[in-house]
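Now for the letters of each chain:
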Amino acid sequence: VSVTFIDRAGTARQVQAEPGSTLMLAARDNGIPGIVAECGGMAACATCHVYIDDRYLPLTGAMGDDEDALLDFTDERTPNSRLACQVVITPQLEGLIARTPEEQ
Ligand code: FES
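Everything quoted here is computed from the prediction, not taken from an experiment.

Rules used in this analysis
Residues numbered from 1 in each chain as written. Predicted model: local features only at pLDDT ≥ 70, side-chain atom pairs only at ≥ 80, totals over all residues. Helix = DSSP H or I, 4+ residues; strand = E, 2+ residues; numbered from the N terminus. Rg over C-alpha atoms; globule rule 2.2 N^0.38 Å. Buried ≥ 20, exposed ≤ 12 C-beta atoms within 10 Å, placed from the backbone. Contact = placed C-beta atoms within 7 Å. Pairing = 2+ DSSP bridges.

K.L.:
Describe the overall build of the chain, with residues and values.
P.N.:
From N to C terminus, the chain includes 2 helices and 5 strands. Along the chain direction, N to C, the helices and strands of the chain fall in the order β-β-α-β-α-β-β. Since a compact globule built from 104 residues should have a radius of gyration of about 13 Å, the 12 Å found for the chain is in line with a globular shape. Principal-axis analysis of the C-alpha atoms gives the chain an extent of 30 × 30 × 25 Å. For the chain, the residues scored as buried account for 32% of the 104 residues in total. Summarising the internal contacts of the chain: among those between residues at least 6 apart in sequence, 64% fall at separations of at least 24.

K.L.:
Could you give an account of the pairing of strand β1 (residues 2–6), with specific residues and numbers?
P.N.:
The alternating pattern of β1 places Val3 and Phe5 on a buried face and Ser2, Thr4 and Ile6 on a face that is not buried. Where β1 folds back on strand β2 (residues 12–16), the antiparallel hairpin that results is connected by 5 residues, among which glycine 10 adopts a positive phi of roughly 95°. When β1 meets strand β5 (residues 97–99), the two strands line up parallel, connected through 3 bridges. In the strand pairing of β5, phenylalanine 5 is matched with alanine 98.

K.L.:
How would you explain the environment of leucine 23 if you had to name every residue and give the values?
P.N.:
Mapped onto the elements of the fold, leucine 23 is located in helix α1 (residues 23–29). Separated by 64 residues in sequence, leucine 23 and valine 87 have C-alpha atoms that sit 5.6 Å apart. Look past the residues within four positions of leucine 23 in its chain and what remains in contact with it is Val3, Ala17, Val50, Ala84, Val87, Ile89 and Ala98.

The structure is reproduced here in structure tokens:
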């Protein structure tokens, strides 16, 4: 599944993500800058905050309570905010675009 990360400067980086894996792991394994993922994907650090493109947001599944609560600690939470470690890669996400925040 091909997904694209766009940083604040507008640089787009397209990577391949394994179905069943997460958006955070795809970023980490491909050295995407702007994703810190301190807790390693436990929904405990909020340093994998991304903004999912409108078109794909409904396809990313429901947000858990932990994720919702943690996102409140991030700077610049928006309706497109998700924790990348909680977004499971599915074939429907082919072409997904995720923007990374200024800071984690
Ligand atoms: Fe820590 Fe996602 S990696 S919350």
